[in-house]
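Given next are the chains, with one letter for each unit.
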Amino acid sequence: QPLGLLNNADVNQVATAANGSAPTWETIVDLETGVFVANASSAKMNYVLNPKTRGKLKKTPHGTTGSLNYLMGTDGNVNGYATATSNHVPSTLTKGAGVGLSAIAFGDFSQLMVNQWGFMDISVDEYSRKNDGLVVVTVNIFADVLVKQPKAFSVVKGIITA
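Residues numbered from 1 in each chain as written. Predicted model: local features only at pLDDT ≥ 70, side-chain atom pairs only at ≥ 80, totals over all residues. Heavy atoms only, no water.

Peer 1: I keep staring at the packing of aromatic side chains and nothing clicks. Help me out?
Peer 2: How two aromatic rings sit relative to each other is set out by the distance from centre to centre and by the angle between their planes. One pass over the structure, following the stated rule, counts four aromatic pairs. Centroid distance Y47 to Y81: 6.4 Å. Interplanar angle 70 degrees. Geometry classified as edge-to-face. Pair noted here: Y47 is in strand β2 (residues 45-49) and Y81 is in the loop between α2 (51-59) and β3 (82-85), with a separation of 34 residues, a long-range link. Ring geometry for Y47 versus F106: centroids 4.6 Å apart, planes at 45 degrees, classification tilted. Here Y47, found in strand β2, pairs with F106, found in strand β5 (residues 98-108); they are 59 residues apart in sequence, far enough to count as distant. Side by side, Y47 and F106 carry an identical accessibility label, which is buried. (Phe/Tyr/Trp six-rings, centres within 6.5 Å; stacked < 30°, edge-to-face > 60°. Helix = DSSP H or I, 4+ residues; strand = E, 2+ residues; numbered from the N terminus. Buried < 20%, exposed > 50% of the residue type's maximum accessible area, 1.4 Å probe, protein only.)

Structure below.
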């Protein structure tokens, strides 16, 4: 069973409240601190988050109310680190009574390997949907994620973006 990054028990975990939490400056700092404390930092670290979290970070002030600084700057960086946005980062997590929660990952992604074994399997079915004028194409790929240095990553699961 592929665990990926978010379900790897050896990566640094940043906690949220029992039902999830809105992102805060403390959350951002805690994500970075875990990697630095483990001496696993590098010059190529960045954040990976989903579009909902990206939007929330761009609207969440850093500092006092009325501050013009936000958790994600206008340059798309979070605390000076580049971000990547992907719908592969879940926004459907649950924690306690909290639903529709998101995850954020931070770290050195050169320490993460995506491996493929076997060949890509492509099946073409011209018959099952022929009355609709459709051809069904199914593609299967066998892959797994290997975290080479788990302490080079921090994750938080349970971010409220609504």
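So, next bit.
Peer 1: Explanation requested: α2 in the structure shown.
Peer 2: Residues three or four positions apart in an α-helix share a direction because the helix packs 3.6 residues into each turn. If you check which residues of α2 are buried, you get T53, K56 and L57. Seen along its axis, α2 keeps its buried residues to an arc of 100 degrees; they face one direction. Considering only its buried residues, α2 is in contact with β2 and β5. (Arc of directions from axis to C-beta. Contact = heavy atoms within 4.5 Å.)

Peer 1: Please clarify how the environment of S123 should be interpreted in this entry.
Peer 2: Considering the arrangement of structural elements, one finds S123 in strand β7 (residues 121-125). Accessibility expressed as a relative area gives 36% for S123, which makes it partly exposed. Sequence separation between S123 and V139 is 16 residues, and the spatial gap between their C-alpha atoms is 6.5 Å. Not counting chain neighbours up to four residues away, the residues in contact with S123 comprise V136, V137 and T138.

Peer 1: What should I look at first to understand helix α1 (residues 25-37) in this one?
Peer 2: The end-to-end C-alpha distance of α1, which contains 13 residues, comes to 18 Å, matching closely the 18 Å that a straight helix rising 1.5 Å per residue would cover. Within α1, the full set of buried residues consists of T27, I28, L31, E32, G34 and V35. Take α1 and look down its axis: the buried residues cluster within an arc of 150 degrees, on one side only. Pointing more than 90 degrees away from the buried face of α1 are the exposed residues E26 and V37. Taken together, the buried residues of α1 touch β1 (12-14), β2, β5 and β10 (153-159). One or two positions beyond α1, positive phi appears at N39, with a value near 55 degrees. (Expected span 1.5 Å × (residues − 1).)

Function-wise, these values are silent; they only describe arrangement.
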